[in-house]
Amino acid sequence: IKNQIPKEWGPGRPSQKDTTGPGWRWSNPNNPNETVRYQQGNPTARYPSQRQPYIKHTGSNGQPVDIKGQQVQGYPKPSEAPEAHIPASRWQFRR
């Protein structure tokens with residue numbers, strides 16, 4: 001994961017989510033809305049997409065994107081959509 005993050009985003013910082021275990025977060029220094037967060041996942045998480053290691057990538061507008069880099073839509077809270085939780089093994093950095 002780390003080798004896909006643009007170098008100008010820096011080394012990242014720890015990210016702790018209560019329900020999905022520890023992780024790591026990177027932010028675009030030129031646009032703090034654009035972030036990548038890696039989470040280890042939790043086998044007992046509410047959403048199946050959070051039960052394995054996953055990536056949550058937000059675009060320049062702060063909205064989550066799917067595995068193809070397209071903005072996630074159609075949910076009351078797009079950040080909770082399964083498409084917003086990309087399996088870490090399948091994620092590729094896209095702008």
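Residues numbered from 1 in each chain as written. Predicted model: local features only at pLDDT ≥ 70, side-chain atom pairs only at ≥ 80, totals over all residues. Heavy atoms only, no water.

(A) Quick peek at the side chain of Gln39. As for its position among the elements, Gln39 is in strand β3 (residues 31-39). Residue classification places Gln39 among the buried residues on the basis of a relative accessible area of 0%. Polar contacts involving the side chain of Gln39 include one to the side chain of Arg37, which spans 3.4 Å. (Helix = DSSP H or I, 4+ residues; strand = E, 2+ residues; numbered from the N terminus. Buried < 20%, exposed > 50% of the residue type's maximum accessible area, 1.4 Å probe, protein only. Polar contact = N/O pair within 3.5 Å; in protein donor to acceptor, adjacent residues only side chain to side chain.)

(B) Spatial organisation of the nonpolar core. Counting residues in hydrophobic clusters, the biggest one holds nine residues: Ile5, Trp9, Trp26, Val36, Ile55, Ile86, Ala88, Trp91 and Phe93. Residues in contact with Ala88, not counting those within four places in the same chain, are Ile1, Tyr38, Pro53, Tyr54 and Ile55. (Core = buried A, V, L, I, M, F, W, Y, C linked by side-chain atoms within 4.5 Å. Contact = heavy atoms within 4.5 Å.)

(C) Quick peek at the packing of aromatic side chains. Under the counting rule described, the total for this entry stands at two aromatic pairs. Centre to centre, the rings of Trp9 and Phe93 are 5.5 Å apart; their planes meet at 85°, and the pair counts as edge-to-face. Separated by 84 residues along the polypeptide, Trp9 in the segment before β1 (13-17) and Phe93 in the segment after β6 (86-87) bring together distant segments of the chain. For the pair shown, Trp9 and Phe93 are each scored as buried. Relative to Phe93, the ring of Trp91 lies with its centre 6.2 Å away and its plane at 85°, an arrangement referred to as edge-to-face. Residue classification places Trp91 among the buried residues on the basis of a relative accessible area of 4%. Each residue in the set Trp9, Trp91 and Phe93 is aromatic and connected to the rest through ring pairs, giving one cluster. (Phe/Tyr/Trp six-rings, centres within 6.5 Å; stacked < 30°, edge-to-face > 60°.)

(D) A look at the environment of Trp24. Topologically, Trp24 is positioned in strand β2 (residues 21-28). By relative accessible area, Trp24 is classed as partly exposed at 25%. Each C-alpha atom, one on Trp24 and one on Val36, is 8.3 Å from the other, the two residues being twelve residues apart in sequence. When sequence neighbours within four positions are dropped, the list of residues in contact with Trp24 reads Lys2, Pro11, Gly12, Arg13, Pro14, Ser15, Val36, Arg37 and Tyr38.

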